[in-house]
Structures are given as structure tokens and as C-alpha cells.
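These are the residues of each chain, in order.
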Amino acid sequence: MATLTVPDPIPSPAEDAEKLRKAFQGWGTDEKAVIAILAHRDAAQREQIRLAYEELYKENLITRLESELSGHFERAVYRWIFDPVEREAIMANVALKKNVDYQVIIEIACVNSPKELLAVKQTYHARYKHSLEEDVASNTIGDFRKLLVALVSTYRYDGEETNTGLAKSEAKILHDVIEQKIFNDDEVIRILSTRSKAQLTATFNCYKDEYGSITKALAGESPNEFALALRIAIRCITSPKKYFAKVLRHGVDSGADEDALTRVIVMHAEKDLKEIKEMFHKRTNAALGHAVAKVTSGDYKSFLLALIGD
């Protein structure tokens, strides 16, 4: 369930555009007005505001926001203003710059349904004139290239049917290569990137029954980075809400990993952040809003808290 709150009745897009225009004028920006409007409108409403603003003032709202805001607040608002599919395409592109953030690519590839991932890839293609697969391959090497290209290229079966015999045999394949620490085995990548989420859940359950937790096996005593990437993929496929609650926990425990906090809160406020909040509370015995407020400040803090619903 979403944490986004929208007023009732909702002002017209033209009214919101006018209030935003006023917030940009005079000495300095009225950031509180920007938050009061944009942090309380859903994707369709934000799109209507963008169109109304451009029609009224012959100016691109996103470009204006970039010039008016700064720092983590500006980056959070920039990501929020787009609809979810375009946002993920942009975040994938950003993740592939300089030091590749493979975690973001894995999240996009493994959390989305096949249709959602296809929509992100189509939007990416239209926006950047390259395929996501092409850019992932161009910006990665070795085992990470094999894994990430396979994950973003897949179009999984999305039904609930599973094959118990297959789950048992593939659990054994995974166990054998993980026990030998051959994490980059082609069979591992094949299984993770082609099987349906339901089938993979059955496989990991068989693995647990026979050998123990697969994610703990991948952690090992001295886990390598590729094994950690496999763990992220498995968690995103089998229990994404629990995974994102953990990302938020690390985000506040580290003194504020703003990229992680922004990514999870912005991407999930319209979707399932309420459940992620509940898992966060269960794991930490602290309210997400309270934890975020302790490690952030200013307009950035106010914006995140508005999306969280606090």
C-alpha cells in the first residue's frame, strides 16, 4: 500500500502550476510550497501539473525545479517528478555512469514484473537512443556483465505454476557450485535469469530444506562482491519488501546514505512503502519517519517525511 497522501478535493493542475510559479518568484524559493504541492500529488497529477505549467509559462517545470533547488532535496524532487517508469529508466542510466551501481540495475531487473521491466526498457530506449542491455554491456565487464545483461534481458514467465522436480534438481546445482565457491558458474546465471519468480522461490525453498539458507551460503566467511550481487538478486526476486526495508535500515544506520533513502522512498511511496515501513519497524523497533528525521535535515528531510506519510 502507498504512503502518498493526496488532498480532497484536489486543486486543478493550473492552480498548482500557479502556486509553484509564485514559489519560484521573489527572494529565494519557497521550498515549503513546493513540498506541499508536489509531495502530495500522484504520478498522473504531477504530469498534469507539468503540462499546465508549460502551457501557462512556456517553461519546462523540471528545468525550473533543477535551477531553483539544490543538493539532496533537488535530486529527490527531480526523481519524484517523473512517472514511475520514466523514473526507473533515468535511475538505471544514472547507475551506469562512472562507477556502475549494480545494486540499482539488479533492483530494476528483479523486482519489476516482466511487463514492468519491459516498459522500463522501452522508455529507456526512447529516452537515450540505446537499449538498456546495450548500455549495461558497455559499462560492465566480466562476470558482472554476464549477470546484469542476463537479468535485464529476461522476460520471465509470470504465472504461479512450479515444477517440484526441477526445483529440487536446480537447488542441488546451486548448492554444488556455491559449496565450491564457483559463484560465477554459467548455471547460476542461467537459473537466476530465466526461471519465473514462483519457480525460483520453490528452488530456494528446496535449497533451504536440504542445505540451509542460500543467502547465508552466499555470504560465507569472506564474501566476494559477485556473491553479494547474487544475494541482492535472490532477495529482490523472493522478498522485495523485506529487502527494501533492509536497504532503508542500512541507509539510516550509516549516518544517512541519501542515495539509498531517496531511491527507496521515492520509488515506493506510490506503491508499497506502507508495508516496507511496517517491516522496517518490525526489524528495528523504530518508526521509519523517526529514523529518517534523525539522519536528514532541512527541506530534504521535510520532503522525505511527506512521502513517508509523517
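Everything numeric in this text was worked out from a predicted model, so none of it was measured. (Residues numbered from 1 in each chain as written. Predicted model: local features only at pLDDT ≥ 70, side-chain atom pairs only at ≥ 80, totals over all residues. Heavy atoms only, no water.)

Mapped onto the fold, Thr140 is located in the loop between helix 9 (132-139) and helix 10 (142-153). Engagement of the side chain of Thr140 in a polar contact is seen with the backbone oxygen of Val136, the distance being 2.5 Å. Once you skip the residues sitting within four places of it in the chain, Thr140 turns out to touch Val100, Arg145 and Leu148. (Helix = DSSP H or I, 4+ residues; strand = E, 2+ residues; numbered from the N terminus. Polar contact = N/O pair within 3.5 Å; in protein donor to acceptor, adjacent residues only side chain to side chain. Contact = heavy atoms within 4.5 Å.)

Bringing the packing of helix 5 (residues 71-81) against helix 6 (residues 84-95) into the picture now. At a minimum axis separation of 8 Å, helix 5 and helix 6 run at an interaxial angle of 135 degrees. Accordingly, the angle class assigned to the pair helix 5 and helix 6 is oblique. For the pair formed by helix 5 and helix 6, the contact residues are Tyr78, Arg79 and Trp80 on the first element and Arg87, Ile90, Met91 and Val94 on the second. Grouping the amino acids of the contact of helix 5 with helix 6 by side-chain chemistry returns five nonpolar, no polar and two charged. (Axes fitted to C-alpha atoms, helices over the stretch in contact; angles between N-to-C directions. Parallel < 35°, antiparallel > 145°, perpendicular 65-115°, else oblique. Nonpolar A, V, L, I, M, F, W, Y, C, P; charged D, E, K, R; others polar.)

All told, the structure shown has 16 salt bridges when counted by the stated rule. Note that Glu270 and Arg46 form a salt bridge whose closest N and O atoms lie 2.9 Å from each other. Residue Glu270 is located in the loop between helix 17 (258-268) and helix 18 (273-284), and its partner Arg46 is located in helix 3 (residues 43-57); the two are separated by 224 residues in the primary sequence. Given the relative accessible area of 24%, Glu270 is considered partly exposed. (Salt bridge = Lys/Arg side-chain N within 4 Å of Asp/Glu carboxyl O. Buried < 20%, exposed > 50% of the residue type's maximum accessible area, 1.4 Å probe, protein only.)

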